[in-house]
Amino acid sequence: MELLRNSIPTVSLAVAAAALYARAVSMRLRPGLPRLAALLPVVAFLAVVPLAFTSSAIVRGVAGFFFTWLTAFKVALLAAGRGPLDPALPALPFIFTAALPVKLARRTVAAGATASKAKPSYSLVSCAAKVAVIAALLRVYQFNHRLHLYVRLALYGVHAYCFLDLLLPCIAAAGAALGMEMEPQFNRPYLVTSLRDFWGRRWNLMVSAVLRPAVYDPVRARAGNAAGVVAAFLVSGLMHEVLVCYLTMGAPTGEMAAFFLLHGACCVAEDWCARRLAASGWRRTPLPRAVATPLVVVFVAGTAFWLLFPPICRDGGEEVLLEEWAAVATFFVGAGQKLFRYIYSRSC
């Protein structure tokens, strides 16, 4: 672990090597217990690799999301012969899909990761807008002491969405440059019409794509749809507890798990109500988007203020993250100024 300490390139190479090992094992062993036994060391390595980043809570959190959650789940699914990883993929697309929160589009998988003529799912205008929003938020954070707690938490929620919806399309753009077409990770969550629509079809779709075959489908097959939904939300909550442990280096509090269990129960209740109304013969029309969207947003935000953000922000966590974001902003501003001066000097 000392060799990997605070070195993003070294950790990236180690994760890539682990992915290649998983691919080689899966090409030689059939899905089942022998393949699972051979892949367990990879899962264990992915669980501890975020701890290599001792100097940055943000990098630990991102590494935990990428490697400990998504990559480890993909490797576990690979042991069962399921999920987005396919040993038949060429080495580069396999590493890319394993190590990053992306999923190859079906036509790309079928074509052996050849370049696709489809339009990319990202937009330069959208990315520029999110960069501008994050830059504005970093300015606003300088006056955090004057802002109400709920205002700060709302700003953090916007920041988290913009950061993820900027980072993931950039990864997809890198994949497109290498000839791989990626499925989108967000589907305009600000147009949500129900809680099920938010979690199942609009927010962080890579997580849904992993939880569905890993948790929801097996549990639903044995205990029904409601149990599958609750189990998927429970596992998501437990993994968020792990991410908070990486961020804060503290013990889990259970609040993240409670947040996701609450939302899982509400999704089950929402589905039950919809089916009961349909069975009663009432031909309902959906709530207008102008009504449904604010209701869902208020519920998600209110429960997030109550359960999601407190374990991250308490005990000095809020100040640590703000200091790190300020350092990131300073770095990029300095790099941009140097680049501008270089271009200006060359043009003169």
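Calculation criteria
- Residues numbered from 1 in each chain as written.
- Predicted model: local features only at pLDDT ≥ 70, side-chain atom pairs only at ≥ 80, totals over all residues.
- Heavy atoms only, no water.
- Helix = DSSP H or I, 4+ residues; strand = E, 2+ residues; numbered from the N terminus.
- Contact = heavy atoms within 4.5 Å.
- Areas by Shrake-Rupley, 256 points an atom, 1.4 Å probe, with all protein chains shown as cover.
- pLDDT = per-residue confidence, 0-100.
- Buried < 20%, exposed > 50% of the residue type's maximum accessible area, 1.4 Å probe, protein only.
- Core = buried A, V, L, I, M, F, W, Y, C linked by side-chain atoms within 4.5 Å.
- Domains from an automatic or database assignment.
- Salt bridge = Lys/Arg side-chain N within 4 Å of Asp/Glu carboxyl O.
- Polar contact = N/O pair within 3.5 Å; in protein donor to acceptor, adjacent residues only side chain to side chain.
- Axes fitted to C-alpha atoms, helices over the stretch in contact; angles between N-to-C directions.
- Parallel < 35°, antiparallel > 145°, perpendicular 65-115°, else oblique.
- Phe/Tyr/Trp six-rings, centres within 6.5 Å; stacked < 30°, edge-to-face > 60°.
- Lys, Arg positive; Asp, Glu negative; His and termini not counted.

A.B. asks: Looking at this structure, how should I read the overall build of the protein chain?
C.D. replies: Helices and strands together make up the secondary structure of the protein chain, namely 14 helices and zero strands. Ordered by position from N to C terminus, the α and β elements of the protein chain give α-α-α-α-α-α-α-α-α-α-α-α-α-α. Within the protein chain, contacts between residues at least 6 apart in sequence are counted, and of these 69% link residues at least 24 apart. Split by element, the accessible area of the protein chain, about 18,700 Å² in all, is 67% carbon and sulfur.

A.B. asks: Quick question: what am I supposed to make of the confidence of the model for the protein chain here?
C.D. replies: It should be kept in mind that the predicted coordinates are not to be read in detail where pLDDT is low. Counting all residues, the mean pLDDT for the protein chain is 85, and 88% of those residues have values of 70 or more. Long-range and interchain partners of residues 112-121, a stretch whose pLDDT sits below 50, account for 14 contacts in this model, where long-range means more than four residues apart.

A.B. asks: Just checking my understanding: could you explain the environment of Ala 258 for this structure?
C.D. replies: With respect to the helices and strands, the residue Ala 258 is situated in helix H11 (residues 255-279). For Ala 258, a relative accessible area of 31% puts it in the partly exposed group. Linking Ala 258 and Leu 308, residues 50 residues apart in sequence, is a C-alpha distance of 8.8 Å.

A.B. asks: For this particular structure, what's the right way to read the nonpolar core?
C.D. replies: The biggest cluster of nonpolar side chains holds 91 residues, and the ones touching the most others in it are Val 11, Phe 67, Trp 69 and Trp 199. Among the elements that line this core, the one with the most residues is helix H3 (residues 57-79), at 14 residues. Three or more residues apiece are contributed to this core by two domains, here domain 1 (1-101) and domain 2 (211-314).

A.B. asks: What am I meant to see in the pattern of salt bridges here?
C.D. replies: Where charged atoms from two side chains of opposite charge come close, those side chains can pair. Counted by the stated rule, this structure contains nine salt bridges. Asp 197 is the salt-bridge partner of Arg 201, the closest N and O atoms lying 3.2 Å from each other. Separated by four residues within a single helix, Arg 201 and Asp 197 lie in helix H8 (residues 195-202), roughly one turn from each other. The exposure class of Arg 201 is partly exposed, given its relative accessible area of 49%. Relative accessible area serves as the criterion here: at 6%, Asp 197 is assigned to the buried category. Residues joined in a network through salt bridges with shared partners are Arg 196, Glu 270, Asp 271 and Arg 275.

A.B. asks: Help me understand the side chain of Ser 56 in this model?
C.D. replies: Within the element layout of this structure, Ser 56 appears in the loop between helix H2 (33-48) and H3. Polar contacts involving the side chain of Ser 56 include one to the main-chain amide nitrogen of Ile 58, which spans 3.5 Å.

A.B. asks: Help me understand the packing of H2 against H3 in this model?
C.D. replies: The geometry of a pair of packed helices is captured by two quantities: the angle between their axes and the separation between those axes. One can describe the packing of H2 onto H3 by two numbers: an axis separation of 9 Å at closest approach and a directional angle of 180°. Between H2 and H3, the crossing angle belongs to the class labelled roughly antiparallel. Seen from H2, the contacting residues are Arg 35, Leu 36, Leu 39, Val 42, Val 43, Leu 46 and Ala 47; seen from H3, they are Phe 67, Thr 68, Thr 71, Ala 72, Val 75, Leu 78 and Ala 79.

A.B. asks: How should I be thinking about the packing of aromatic side chains in this particular structure?
C.D. replies: Each aromatic ring pair is characterised by the separation of its centres together with the angle its planes make. Across all of its chains, the model carries 16 aromatic pairs by this definition. Aromatic side chains Tyr 161 and Phe 186 sit 5.6 Å apart centroid to centroid with 80° between the ring planes, which places their arrangement in the edge-to-face category. Of this pair, Tyr 161 sits in helix H7 (residues 149-177) while Phe 186 sits in the loop between H7 and H8, and the two are 25 residues apart along the sequence. On the accessibility criterion, Phe 186 (9% relative accessible area) is buried. When the centroid spacing of 4.8 Å and the interplanar angle of 80° are considered together, the rings of Phe 198 and Trp 199 count as edge-to-face. Each member of the aromatic cluster is reached from another via a ring pair, and the members are Tyr 161, Phe 186, Phe 198, Trp 199, Trp 203, Phe 233, Phe 259 and Phe 260.

A.B. asks: In this structure, what is going on with the side chain of Arg 35? I would like to understand it.
C.D. replies: Looking at where Arg 35 falls in the secondary structure, it is placed in helix H2. Although Arg 35 lies buried, it forms no salt bridge, and the closest oppositely charged side chain, Asp 86, sits 7.9 Å away as judged by the N-O distance. Setting aside its immediate chain neighbours within four residues, Arg 35 contacts Val 25, Ser 26, Leu 29, Arg 30, Leu 78, Ala 79 and Gly 81.

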